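Next come the chains, spelled out residue by residue.
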Amino acid sequence: DLTSKLRINPSRLITTLHDTCQWGTGHRYGAHATETGMSRLSLSDADKQARDWFVETTKALGCKVTVDKMGNIFAVRPGRVQDKPPTCVGSHLDTQPRGGRYDGILGVVAGVEMLRVLEEGGVETGFPVGVVNWTNEEGARFPVSMVSSGVWAGEIALERAHSLREVGGGSATMRGELERIGYLGEVEASHQAMPMAAHFELHIEQGPILEREERKIGIVEGVQAYRWFTVEVVGREAHTGTTPIDARADPLLAASWMICLSRRAAAEFDGGLASTGILTLEPGSVNTIPGKVKFSLDVRAPTDEILDMLEQRLRSDFDNVIAEATRGGEGMSVSWQTDSVSPAVHFHEQCIEAVRESATAVLGDENLARNMTSGAGHDSVYASRRCPTSMIFVPSRDGISHNPKEWTSPEDCAIGADVLMQSVLRYDRH
Ligand code: GLV
Ligand code: MN
Ligand code: MN
Ligand code: MN
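As the structure is a computational prediction, the values presented were derived from the model and not from experiment. (Residues numbered from 1 in each chain as written. Chains lettered and ligands numbered in written order. Predicted model: local features only at pLDDT ≥ 70, side-chain atom pairs only at ≥ 80, totals over all residues.)

1. Details of the overall build of the protein
Alright, step 1. The helix and strand tally for the protein stands at 12 helices and 16 strands.
Alright, step 2. Taking 2.2 N^0.38 as the reference for a compact globule, 430 residues should give roughly 22 Å; the C-alpha atoms of the protein span a radius of gyration of 23 Å, in line with that estimate.
Alright, step 3. When its C-alpha atoms are laid out on the principal axes, the protein stretches across 80 × 45 × 45 Å.
Alright, step 4. A burial count over the protein gives 50% of its 430 residues as buried.
Alright, step 5. Summarising the internal contacts of the protein: among those between residues at least 6 apart in sequence, 78% fall at separations of at least 24. (Helix = DSSP H or I, 4+ residues; strand = E, 2+ residues; numbered from the N terminus. Rg over C-alpha atoms; globule rule 2.2 N^0.38 Å. Buried ≥ 20, exposed ≤ 12 C-beta atoms within 10 Å, placed from the backbone. Contact = placed C-beta atoms within 7 Å.)

Dropping the structure here:
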């Protein structure tokens, strides 16, 4: 079969990736023009520009473009068989506030490169082939990660997603911002309205394993479970100069203690992780003991069962902190709000196999690939609930991501894009 010999154009792939980073700003870390990260928050003006590029480019490549009510964009290239759902590749064009140029972006740009190669080669696939840009994967602006693939999968209510407010106390909602930038589509955000035959996602590893083992491809078999919480600790505002330590109800002291305990507790569970990335104090004044502290808590584990146990442990540890901190003094309280829930996932065997075979074909040596579990969440988590899914990882320099210095070599990006395209073609031939 001739299509097994198809390869992407490496320099075009990487040029396109950097071109799309003209939309957004990036923290500079080196002298070279591309040595800047990427800040392109979901549904910002820069995100609109990147979206416009995606729509125009895929239309020019013969795709039918559909935007749903979450602003997810589906670009579908027709196949021989009519009325069949497309075999898709998807990822995201939004980034962290101080993110890099690869997380998410590589997966979408590799999809566009695949479309270019199929067009140039005059390749007619059996099923249609689609490329998807999922909205607000990061959860960095609207604090539910993978929210729009979650709505598509029927796991998150549209109304809840639409009414999400941006982090940092801004007044913008997802629905308002979708409208403002012109990406509140007409089509239901649903797997019924936009079914997919399969979903493949190319992504950077975001960890150190492939680089350390000098391998080129991660065959991703699943994703660990995680839950995001906002923990609120309430105490009492008081003057810093006149309130003796033993007369204070200081929620920051309690919160700090909780955060330290969360790390220690997580370490006691196999593969457990607990992290805090957002901390806010009210009222935020040098000489006022805060009355209220909120912190984000991101808890992860390899299985839902381990995560359940870890969560229970943290809840009781935090209650103990409050009991201790309240002893004799003014009352304090702690409450938890659940923001995101991403269960552990095992991907589809046939898709995993398509990736494995493609990796061997592209690399010519099966030892250059290895099986992996993803530590990060991806839209593939929700895609996998509704269609056969798997993922492909490429090495991350120093294992770093969510950092401007995130980098994957052009050669590794190209290998990943080839494996992605071959996985789609192989799946199509099944
Ligand atoms: C989401 O993508 C996460 O893993 O934080
Ligand atoms: Mn990502
Ligand atoms: Mn990310
Ligand atoms: Mn992610």
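2. Let's talk about helix α11 (residues 379-386)
Alright, step 1. Along α11, six of the eight residues are buried, which leaves the element largely enclosed by surrounding structure.
Alright, step 2. Along α11, the residues that are buried comprise D379, S380, V381, Y382, A383 and S384.

3. Remarks on helix α2 (residues 45-60)
Alright, step 1. The end-to-end C-alpha distance of α2, which contains 16 residues, comes to 23 Å, matching closely the 22 Å that a straight helix rising 1.5 Å per residue would cover.
Alright, step 2. Within the sequence span of α2, burial applies to A46, D47, A50, R51, F54 and T58. The arc that holds the buried residues of α2, viewed along the axis, is 140°, so those residues lie on one side. Looking at α2, the residues exposed on the side facing more than 90 degrees away from the buried face are D45, E56, K59 and A60.
Alright, step 3. Along its buried surface, α2 packs onto α1 (10-20), β1 (64-67), β2 (73-77), α3 (105-120) and β4 (129-133).
Alright, step 4. Among the residues trailing α2, G62 stands out with phi positive, at a value near 90°. (Expected span 1.5 Å × (residues − 1). Arc of directions from axis to C-beta.)

4. With respect to the domain arrangement of the protein
Alright, step 1. You can read the domains of the protein as domain 1 (2-224 + 344-429) and domain 2 (225-342).
Alright, step 2. Placing the centre of domain 1 and that of domain 2 at their C-alpha centroids yields a distance of 34 Å.
Alright, step 3. At the interface, 10 residues of domain 1 touch 10 residues of domain 2.
Alright, step 4. Looking at the side of domain 1 that touches domain 2 residue by residue, the classes come out as five nonpolar, five polar and no charged. (Domains from an automatic or database assignment. Nonpolar A, V, L, I, M, F, W, Y, C, P; charged D, E, K, R; others polar.)

5. Notes on the environment of I392
Alright, step 1. As for its placement among the helices and strands, I392 is situated in strand β16 (residues 389-394).
Alright, step 2. Taking C-alpha positions, I392 is 32 Å from R175, a pair spaced 217 residues apart along the chain.
Alright, step 3. Dropping the residues within four chain positions of it, I392 is found in contact with L202, I217, G218, V220, V355, G416, V419, L420 and S423.

6. Examining unusual backbone geometry
Alright, step 1. Note the cis peptide between E282 and P283, where omega equals 5°.
Alright, step 2. Despite not being glycine, D83 has its phi angle at roughly 55°, a positive value.
Alright, step 3. Mapped onto the secondary structure, D83 falls in the loop between β2 and β3 (87-91).
Alright, step 4. Phi is positive for M146, which is not a glycine, with a value near 55°.
Alright, step 5. Mapping M146 onto the fold places it in the loop between β4 and α4 (147-152).

7. Brief notes about the packing of helix α8 (residues 251-267) against helix α9 (residues 304-326)
Alright, step 1. Contact geometry for α8 and α9: axes closest at 10 Å, N-to-C directions at 150°. Where α8 crosses over α9, the two elements pack in a sense that is right-handed. Residue-level contacts link L253, A254, W257, M258, L261, S262, A265 and A266 of α8 to L310, R313, L314, D317, F318, V321, I322 and A325 of α9.
Alright, step 2. A class-by-class count of the residues in the contact of α8 with α9 yields 13 nonpolar, one polar and two charged. (Axes fitted to C-alpha atoms, helices over the stretch in contact; angles between N-to-C directions. Left-handed = near helix turned anticlockwise from the far one by under 90°.)

8. Here we look at the packing of α1 against α3
Alright, step 1. Where α1 meets α3, the closest approach of the two axes is 9 Å, and the angle between their N-to-C directions is 130°. One way to sum up the angle between α1 and α3 is to call them oblique. As for how α1 packs across α3, the hand of that crossing is right-handed. Residue-level inspection shows R12, L13, T16, L17 and T20 of α1 in contact with α3, the latter providing I105, L106, V109, A110, V112 and E113.
Alright, step 2. In terms of residue class, the contact of α1 with α3 is made up of seven nonpolar, two polar and two charged. (Parallel < 35°, antiparallel > 145°, perpendicular 65-115°, else oblique.)

9. Side note on the pairing of strand β5 (residues 198-204)
Alright, step 1. With respect to burial, β5 is a largely interior element, seven of its seven residues being buried.
Alright, step 2. Side-chain alternation along β5 places A198, F200, L202 and I204 on one buried face and H199, E201 and H203 on a second face that is also buried.
Alright, step 3. Sheet topology note: the β5/β16 ladder contains six bridges and is parallel. Residue pairing across strands places F200 opposite S390, the latter belonging to β16. (Pairing = 2+ DSSP bridges.)

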